Amino acid sequence: MLDTAQSVTVLCHVHPDADTIGSGLALGLVLHRRGVPVQVSFAAPDSLPESMNELPGCELLVPSDEVRSQVDLVVTVDAGSRERLGSLASRIDSARASLVIDHHRSNTRFGSLNVVDVDAESTTAVITRLLDLWNVDIDSELAHCLFAGLVTDTGSFRWVRPGSHLLAERLLATGIDGGAIARKLLDSHPFGWLPMLGSVLGSATLVPDAVGGRGLVYAAILRENSEGLRSEEIESVIDIVRTTTEAEVAAVLKQQAGDEWTVSLRSKASVDVSAVAATLGGGGHRNAAGFTAFGSKSDVIETLTDALG
Ligand code: AMP
Ligand code: MN
Ligand code: MN
């Protein structure tokens, strides 16, 4: 499909992370170099997270309302379902064919062809193997994009499997600066991040009886906490909350509009939060998942604790 398409649109998921953008830009760059007209986009929010603005291929990104509707092929990267494409999901129907490239356990196989490897560390790892099959030479620009997804989705190489470090080594051997890429994506926050953490973590709550006695810890980021901060600051909170030893499951509620919340879930071992998120209209991986909820903060907590059992 990639070989024969005369025009391609690459779609990343809403509220993009470095795995979906790294995958999208790597694929976009390869197609662009082959002379294929290609657009890369995501439906929301309006702009790319600042931490990703040095990824090679950013010039291929177009605003969502400029995405062509008639193309030979739409490729989606790191999206587990149509819903994760937001308003751009309709572009799948108007294309001649669609190719879904992903690694989510909850993937609904919504493409005409689906390349879903649930054992892959990141979608960029799946893309790397596709590029190998396609005899594409992986240079430092492509490696930069691919490494971005690998280092973030593995939690800086904490959630790895045999082969993960070989892939990292191969990408690093192209000459990219892995330390600088990781620092820009994961370890750079404005000073205002610290007081936000102070108030949000200061009101974190431990519910030892939840999850059948295995424990839930949660924190809520209200709009007033996150004013002037970027998505990078907000998304960092779950990685602190989830370290609580007394809780098997961690949740961070992120207030969007008044009563709209996006919720991040993480588990350590015995709970499949992807299944829990799916019952609440979301999805994800076994140990990292999310969903969107409406209501007051206490409504959302009650819905969540009920679903966790
Ligand atoms: P996050 O907590 O936003 O980092 O998301 C953790 C995982 O859950 C990621 O793999 C997401 O793709 C997935 N996820 C988050 N929110 C949703 C949602 N509303 N629907 C489906 N999957 C989601
Ligand atoms: Mn993602
Ligand atoms: Mn991913």
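Bear in mind that the values here come from a model prediction, so they are computed numbers and not experimental data.

Overview of the overall build of the protein
Step number 1: Helices and strands together make up the secondary structure of the protein, namely twelve helices and eleven strands.
Step number 2: For 309 residues, the compact-globule estimate of 2.2 N^0.38 gives 19 Å, and the protein sits close to it at 19 Å.
Step number 3: Along the first, second and third principal axes, the C-alpha atoms of the protein reach 55 × 40 × 35 Å.
Step number 4: Considering the protein as a whole, with its 309 residues, one finds that 52% of them fall into the buried category.
Step number 5: A separation threshold of at least 6 residues defines the contact pool for the protein, and within that pool the share at least 24 residues apart is 64%.
Step number 6: Surface summary for the protein: the accessible area is close to 13600 Å², and the carbon and sulfur share equals 50%.

Comments concerning the site of ligand 1
Step number 1: Lining the immediate surroundings of ligand 1 are 13 residues, of which H104, S264, R266, G283 and A289 lie closest.
Step number 2: The side chain of R266 places a nitrogen or oxygen atom 2.9 Å from an oxygen atom of ligand 1.
Step number 3: For ligand 1, the protein covers 76% of the area, taking 480 Å² as the surface of the free molecule.
Step number 4: At the level of secondary structure, the elements contributing two or more residues to the shell around ligand 1 comprise β9 (260-267), β10 (283-284) and β11 (288-294).

Digging into the coordination of the manganese ion (ligand 2)
Step number 1: Note on the manganese ion (ligand 2): its protein donors are H13 (NE2), D17 (OD) and D78 (OD). The metal-donor distances range over 2.0 to 2.3 Å.
Step number 2: Along the chain, the residues that donate to the manganese ion (ligand 2) are spaced as H-x3-D-x60-D.
Step number 3: The metal-metal distance between the manganese ion (ligand 2) and the manganese ion (ligand 3) is 3.8 Å, with D78 coordinating both. Of this pair, H13 sits in the loop between β1 (8-12) and α1 (18-33) while D78 sits in the loop between β3 (73-77) and α2 (90-94), placing them 65 residues apart in sequence. Of the two residues examined, H13 and D78, each falls in the buried class.

Some remarks on the coordination of the manganese ion (ligand 3)
Step number 1: Distances from the manganese ion (ligand 3) to its protein donors, D19 (OD), D78 (OD), H103 (NE2) and D153 (OD), fall at 2.1 to 2.3 Å.
Step number 2: Sequence spacing of the donor residues for the manganese ion (ligand 3), all on one chain, is D-x58-D-x24-H-x49-D.
Step number 3: The class of H103 is buried, set by a relative accessible area of 2%.
Step number 4: Under the relative-accessibility criterion, D153 is labelled partly exposed at 24%.

Considering the layout of surface pockets
Step number 1: In this structure, the second largest pocket occupies an estimated 150 Å³ of space.
Step number 2: Contributing to the lining of the second largest pocket are E121, A125, T128, R129, D132, R161, P162, G163, L167 and R170.
Step number 3: Of all the elements in the fold, those that place two or more residues in the lining of the second largest pocket are α3 (123-133) and α5 (164-172).

Some remarks on the nonpolar core
Step number 1: Counting residues in hydrophobic clusters, the biggest one holds 52 residues, and the most contacted among them are V8, V75, L131 and L171.
Step number 2: The residues touching L171, leaving out its near neighbours within four places in the chain, are I138, A143, L146, F147, L150 and I176.
Step number 3: Judged by nonpolar contacts, the second largest core, of 23 residues, contains A210, A251, A277 and L280.

Notes on the domain arrangement of the protein
Step number 1: As assigned here, the protein comprises domain 1 (8-186) and domain 2 (193-308).
Step number 2: In this complex, domain 1 contributes nine residues to the contact, which on the side of domain 2 involves ten residues.
Step number 3: Buried area between domain 1 and domain 2, summed over both chains or domains, comes out near 800 Å², and the portion from carbon and sulfur atoms is 45%.
Step number 4: Interface area lost by domain 1 to domain 2 is led by E50, R105 and S106, which between them contribute 47%.

Concerning the side chain of S274
Step number 1: Along the chain, S274 falls in helix α11 (residues 273-279).
Step number 2: Setting aside anything within four residues of it in sequence, one finds S274 in contact with R105, S106, G283, G284, H285, R286 and A289.

Here we look at the pairing of β11
Step number 1: Side chains A289, F291 and A293 of β11 all project onto a buried face; the interleaved residues A288, G290, T292 and F294 project onto a face where none is buried.
Step number 2: Sheet analysis places β10 next to β11, joined by two bridges and oriented antiparallel. Across the sheet, residue G283 finds its bridge partner in β11, namely G290.
Step number 3: What sits between β10 and β11 in their antiparallel hairpin is a turn of three residues.

Here's the deal with the packing of aromatic side chains
Step number 1: One pass over the full model with this rule turns up one aromatic pair.
Step number 2: Ring geometry for F147 versus F157: centroids 5.9 Å apart, planes at 45 degrees, classification tilted. In this pair, F147 sits in helix α4 (residues 140-153) while F157 sits in the loop between α4 and α5, placing the two residues ten residues apart along the sequence. Neither residue differs from the other here; F147 and F157 are each classed as buried.

Definitions and limits used
- Along each chain, numbering runs from 1 in the same order as the chain's sequence is written.
- To label them, take the chains in the order written and letter them from A, then take the ligands in the order written and number them from 1.
- The predicted origin of the model limits local features to residues at a pLDDT of at least 70 and limits the giving and counting of side-chain atom pairs to 80 or more, whereas totals for whole chains, interfaces and linings rest on all residues.
- The side-chain values count all of the structure's non-hydrogen atoms but skip hydrogen atoms and water molecules.
- Runs of H or I in DSSP of at least four residues are treated as helices and runs of E of at least two as strands, each being numbered from the N terminus.
- Each radius of gyration is computed over the set of C-alpha atoms, and the globule rule expresses the reference value as 2.2 Å times the number of residues to the power 0.38.
- With a 1.4 Å probe rolled over the protein chains alone, any residue whose accessible area is under 20% of its type maximum counts as buried; one over 50% counts as exposed, and the rest are partly exposed.
- A contact between two residues is defined here by any heavy atoms of the two lying within 4.5 Å.
- Note on areas: Shrake-Rupley, 1.4 Å probe, and residue coverage restricted to the protein chains presented here.
- Throughout this document, a residue counts as near a molecule or strand when at least one of its heavy atoms sits within 4 Å of that molecule or strand.
- Here a polar contact means two N or O atoms within 3.5 Å. Within protein one must be a hydrogen donor candidate and the other an acceptor candidate, and residues neighboring in sequence count only if both atoms are side-chain atoms.
- Coordinating N, O and S atoms are those within 2.8 Å of the metal (3.2 Å for Na, K and Ca), and as water is not part of the atoms, a site may appear to have fewer donors than expected.
- Grid points spaced at 1 Å over the protein atoms alone were grouped into cavities, where a 1.4 Å probe fits but cannot get out, and pockets, open sets with protein on both sides within 12 Å along at least five of seven lines, with lining residues defined by an atom within 4 Å of a point.
- Grid points are joined across faces, edges and corners, and a volume is the space filled by probe spheres set on the points.
- In this description, a nonpolar core means a group of buried Ala, Val, Leu, Ile, Met, Phe, Trp, Tyr and Cys residues linked to one another through side-chain atoms lying within 4.5 Å.
- All the domain ranges listed were derived from an automatic or database domain assignment.
- Note on terms: buried area is the combined drop in 1.4 Å-probe accessible area of two parts once they are placed together, counting the loss on both.
- Strand pairing is assigned whenever DSSP detects at least two bridges linking the two strands.
- Two rings from Phe, Tyr or Trp (for Trp, the six-membered ring) form a pair when their centres are within 6.5 Å of each other. A pair whose planes differ by under 30 degrees is stacked, one over 60 is edge-to-face, and the rest are tilted.

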